[in-house]
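# Survey of secondary and tertiary structure
Given next are the chains, with one letter for each unit.
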Amino acid sequence: MANFLAQFLSIKNSCERVVIAVEDVSDLWPLVKKGFEERLPFKRATLNNKTRNAVFVENLPAEFILTTDARLRSRFPQEQLLFSFREPYATVVLVTCEDLDEFKTILKPRLKLIVQNDEREWFIVFVSRAPPHNDQATKMAKKVYAKLEVDFSSKKRERCCKLDINGPEAGFWEDLESKITECIRNTLDRRILFYEEEIRKLSEKRFKPVWSFCNFFILKESLAFMFEMAHLHEDSLREYDELELCYLETVNIAGKHRDFGGLEHGDDQAALLNPAKKPLTQIVLDDSFREFEFRQYLFACQAKLLFKLNRPFEVAARGYSFVISFSKALALHESILPFCLREVWIITSCLSLANATAAHYSNGLVAPDIEKEYYRVRGELYSLCRAKFMRLAYLVGYGSAIERSPVNSASLSMLPWPKPAIWPSVPPDASSEVLAKEKMNLQVTPRVKHFGIQRKPLPLEPNFLLREANRRRASLSVGNVSEMFDGYGTYVASSGSFPAMSRTNSTPGNFESSIDRPMKLAEIFVAAEHALQKTISNPDLWASFSSLDEFEKKYLDLSKSAAENYNNSWWKRHGVVLDGEIAAVCFKHENYDLAAKSYERVCALYSSEGWEDLLADVLPNLAECQKILNDQAGYLSSCVRLLSLDKSLFLSKERQVFQSEVVRLAHGDMEHPVPLDVSSLITFSGNSGPPLELCDGDPGILSVILWSGFPDNITLESLSLTLTSTSNADEGVKAIRSSGATILNPGRNTITLSLPPQKTGSYVLGVLTGQIGHLRFRSHRFARGGPAESDDLLSFEKPSRPILKVHKPRALVDLAAAVSSALLMNELQWVGIIVKPIDYSLKGAVLHIDTGPGLKIEESQPIQMEIYDKDNDKSNTTATETQLTLKDGSLELPDWASNIMSVLWVPVRAINDGLARGTSAGAVSPERPSVVDGLRTVALKLEFGVSHNQTFEKTIAVHFTNPFHVSTRVADKCSDGALLLQVILHSQVKARLTIHDAWLDLQDGFAHSGQTDGRPTSAFFPLVVPSASKAGILFSISLKTSITEDEAKEMNPDTILNISYKIDGNRNLGSHTPVSVGTIGSVDDVTQLLTFRSAIVLQRPVLEPCLAVGFLPLPSSGLRVGELFTMKWRVERLKYLEENNDEVQYEVSASSEHWMIAGRKQGHVPLSIKQGSRIEISVLCVPLAAGYVRPPQLELPNIGDANISCNPAGPHLVCVFPPPLSSSYCIPA
């Protein structure tokens, strides 16, 4: 079957469409040919694929060929089976007949003979040529067509159709296309089964020695080509995929030596998209094909189908995978292939794939993820092509022009050198070229980086080319070469330049014995260039190596293409990295603007990814561009970023150069100064301890840790730090500033800032700003505070804990009276003021004291201060008792009292010029002196805190009182008319009172009985009156019957009680011995006595009342809520009283919650002055609440209670029943 390969290829190249045979029985084809061919290609066709699924095909190409055509004649039966894809898929039989007898005798037998082949799909087209006006001819044509349908059609399938040339077509063409499509579908199904069966038979013999891949290939590609003609491209692509897998299995069979191919001129140009580049007959082996050409042929067929399916992105993806896998096959056979054929083939294949897919690709017609993947694969193709191109350029001596960047080093250092069987030798006439290469190498000087940075250049080779090339020469061994060139290669790698050629052994012009000696580097370059020129057949590609400028132009074009595609894909970082290579070329050609823009993108990527090693390699280049462009702001930022990198990446002197540049620019005159961000260089944090706590309005000193990344000390002319409130967003940002210049040392620095008063809240560090020379900088990064040994550890995490807490306005101090009980009125007393600091220091506090009216401070006495002791333990206070002096109403608290509770004793005197008045003991509501009369106020103002910014004002009340309250009553009336007056003394102080003497100064109308000095009848003095107790004294007095005129002029309306007493008390509890008395120890006891005077009013007791008030009984039915009733009282005169008249004033009082008064609540009623006269007072009332309530009360305001009998008149409580039930609240059952 392999003999049919050439015929198969010829048929395949000439057959492109589905063939439809035309059997012209009645010579009708010239008449209908135009109409038939106008319907091609078929717009709508439904075919079955290999899995018998219906597939809709648009624009199915077809071709009508007469059966008498030579293309359908003279075919052997074996050819018809093997190449059945070119045989007709349908047969159209054209007939016409105008006579029924002629049809039966002539036409019908002939048609039977034509359609007797069961394997051929056919149908009959009856062409009617009857004129429209000839009814007889028209009827005859219908009869003949009816008879034709009866004889050749069936119920299962219609095989006839009619074409009326002179009449309307009436859907004939749609019927014709449908029948042709049906025939093509049936024929295609049978042929698919035939090929599948034949392929299955060959597949079963695949592992037998007689099996031939060439036979399998003809059947498999025949099936694939048939699918392609039928526009079933998916099935055709699947067949080629299976064919490729089968071929790879055949190639990998061990024990068979096969010719790989690739040795002919032009094989360096990839044929991945041109299946017809080399005929298969030229690459056929005994039973297979050469791998080099055949694998490219299979991929080209696959790519052609994928382009027809409008899937260029899949061509790119498959192409990249094929290039990678096929390059491995080329590497296995590299020793027999032309020099660097593998690299050249990869370059041409990548470029052809990238260009072809770009030509067939339309943006926006696929999903975004597919589009990004497509651009990624194209970027990979260009990147691979770029790496191979650089490898070839290095071999021809352009390695010095290649940027020794990390990406180039990573690509080339892992890329092995070519491995020919023998390294090419220098041509005999290449002495001038060797000298030129040597001169070019000598002129190369490595570019010194900015700032004087010295780095070992990155390698662009996997090992030394000099060693590799000489090792592959036939006359040298690997060991001799290692010994000969170890030192030489090390020098080349470290210096970056090439030493001069030694002329001691040979001259550049004498190459006769070059095979016997190791080649020098320039000779290797020239030899590789000549060998490469023989390999490369593409003039455009070879032109890229003709000069250094052409190389850089092609190199830049490949780098831009790869970067552009990467930037449109998922792998944008790869594109940015390649931008750095583009920038290096731009920098070399002094296009600094474009170089700076590309370097900025690269630096941004490296910085965001944290690749500091790579950033340290690129950032100096960006800084150099910015300096040349006079971009001072950018240059300054680059210097700061260089300082921010890890210290191990640069030497100390290099980092010092960075700092000197920053300082130089900062103190220079910048045209457009901009704020500089030093967040990565200067960081800050709070102390590791708890946050500083202040109160609202307090200033303070804030300690902050600054971490400096500068290698040397640097001076900050100004420094400020913002505080941000975490609790109140409306509070905004507040800045605190340093008072002067700050010098930062490398590493950790602790600075203090004056903190003005802040509002309530919690604050964290915000932004650090300052000024270096004329340059303002800012930092917004935070460092975690740590121990001193962790100076080099920086953490850029925002602190979670606050650095400052300002508490809400609270009581920082409290001032209160030490004693709540009363002090003595008109005597010098100690007023205790408790000073209580509340978690706040009162150091340096000043207290202002201002007394209110009726109170004054005795400035002659010192003010005492001591520790406050609730237990009144004197032993705890003597050591810290301090005497203070009041100056202009102010005094300064001692330091020992700044953090502890203390008490301040101030000597004061409460002044009351009035005379105390006693009350009658028999009064129901005696009019005792009001407490308000003894209150005095002391206004206190305490200034404390830093700079006395805090103030506390409070007014305390101090209660002063007399030692006694006096009440009197007539105890008894003697037979001689004398009265016993009982004087009751109520103690009003928390102290022990000792009465040494007491006497009365009687008012007019009374006289002393017995003794005339007014002393009491009993002599119990001294009389001790404990605290809050009573004592009684009896005086004997009598009524005075007559008053002289002199006495009438000097009448005294009050009786004065005089008491001489002593007081024994503690100032921590209340009243105590007056200050002046207590401090004089040598004065006689009589002089230490205190005197108290009180006025009392003497009245004769009422022994017989003059009026009686009675409460009349309530209704017998009882009281109910809401029912009106009459409340009655009866008033009766018991005796005549001169003070009374004939009218009595009354007043009824009742609780408004319990009663509603319907009558008059108050008024006057007449009452006769005669003894025994009576009167009734009645009031209408309505109870408002049920239960036992207090009834309304009758009062007589003008008559004293002592003159009224049965007062109060009426019961204490009365019973009020609830209201009766109402029917309106009843719910029927």
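Here goes a summary of the coordinates provided.

### What to know about a negative patch on the surface
- On the surface, a cluster of negative charge is contributed by Glu98, Asp99, Asp101 and Glu102.
- Note on placement: aspartate 99 falls in the loop between strand E5 (90-95) and helix H4 (100-114).

### Considering the sheet that holds strand E51 (residues 1214-1217)
- Pairing is mixed in the open sheet, where 3 strands are placed in the order E42-E51-E48. In the strand order of this sheet, the two ends are held by strand E42 (1119-1120) and strand E48 (1187-1189), each with one partner.
- Here 3 bridges tie E48 to E51, and the two strands are oriented antiparallel to one another. Following the sheet pairing, glycine 1187 is matched in E51 by valine 1216.

### As for the pairing of strand E47 (residues 1174-1183)
- One ladder, built from 8 bridges, connects strand E43 (residues 1125-1133) with E47; its direction is antiparallel. Bridge pairing in E47 links tryptophan 1129 to isoleucine 1177.

### Things to note about the sheet that holds E43
- The strand order across the open sheet built from 5 strands is E45-E47-E43-E41-E50, with neighbouring strands paired in mixed fashion. Each edge of the sheet is formed by a strand with only one pairing partner; in this case those strands are strand E45 (1155-1157) and strand E50 (1204-1205).
- Across 3 bridges, E45 lies against E47 in antiparallel orientation. Residue pairing for E47: methionine 1156 is matched across the bridge by valine 1182.

### Here we look at the packing of helix H20 (residues 572-588) against helix H21 (residues 592-609)
- It is at 8 Å that the axes of H20 and H21 come closest, and there the two elements cross at 145°. Crossing handedness for the pair H20 and H21: left-handed. Only Tyr592, Leu594, Ala595, Ser598, Tyr599, Arg601, Val602, Leu605, Tyr606 and Glu609 of H21 make contact with H20, whose side of the interface consists of Arg573, Val576, Val577, Asp579, Gly580, Ala583, Ala584, Cys586 and Phe587.
- Considering only residue class, the contact of H20 with H21 consists of 13 nonpolar, 2 polar and 4 charged.

### Remarks on the packing of helix H12 (residues 368-395) against helix H19 (residues 548-567)
- The contact between H12 and H19 brings their axes to 7 Å, and the two run at 160°. By the angle between their axes, H12 is roughly antiparallel relative to H19. Both H12 and H19 take part in a crossing whose hand is left-handed. Counted together, Tyr375, Arg376, Arg378, Gly379, Glu380, Tyr382, Ser383, Cys385, Arg386, Phe389, Met390 and Ala393 of H12 and Phe551, Lys554, Tyr555, Leu558, Ser559, Ser561, Ala562, Asn565 and Tyr566 of H19 form the full contact between these two elements.

### Observations concerning the side chain of serine 779
- Secondary-structure assignment places serine 779 in strand E18 (residues 775-779).
- Here isoleucine 682 takes part through its backbone oxygen, which lies 2.4 Å from a polar atom of the side chain of serine 779.
- Contact partners of serine 779, with chain neighbours within four places excluded, come to Asp677, Val678, Ser679, Ile682, Thr683, Phe684, Val767 and Leu768.

### Brief notes about helix H2 (residues 29-37)
- Residues of H2 that are buried include every one of Trp29, Val32, Gly35 and Phe36, and no others. Taken down its axis, H2 places every buried residue within 130° of arc, on the same side. Facing away from the buried side of H2, by more than 90 degrees, are the exposed residues Pro30 and Lys34.
- Where H2 is buried, its residues meet strand E1 (18-24), strand E4 (62-66), E5, strand E6 (122-128), strand E7 (160-164) and helix H6 (172-204).

Each value, and the rule that gives it
Residues numbered from 1 in each chain as written. Predicted model: local features only at pLDDT ≥ 70, side-chain atom pairs only at ≥ 80, totals over all residues. Heavy atoms only, no water. Patch = residues over 30% accessible without salt bridge, like charges linked within 9 Å, V, L, I, M, F, W, Y side chains within 5 Å. Areas by Shrake-Rupley, 256 points an atom, 1.4 Å probe, with all protein chains shown as cover. Salt bridge = Lys/Arg side-chain N within 4 Å of Asp/Glu carboxyl O. Lys, Arg positive; Asp, Glu negative; His and termini not counted. Charge placed at Lys NZ, Arg CZ, Asp CG, Glu CD. Helix = DSSP H or I, 4+ residues; strand = E, 2+ residues; numbered from the N terminus. Pairing = 2+ DSSP bridges. Axes fitted to C-alpha atoms, helices over the stretch in contact; angles between N-to-C directions. Left-handed = near helix turned anticlockwise from the far one by under 90°. Contact = heavy atoms within 4.5 Å. Nonpolar A, V, L, I, M, F, W, Y, C, P; charged D, E, K, R; others polar. Parallel < 35°, antiparallel > 145°, perpendicular 65-115°, else oblique. Polar contact = N/O pair within 3.5 Å; in protein donor to acceptor, adjacent residues only side chain to side chain. Buried < 20%, exposed > 50% of the residue type's maximum accessible area, 1.4 Å probe, protein only. Arc of directions from axis to C-beta.

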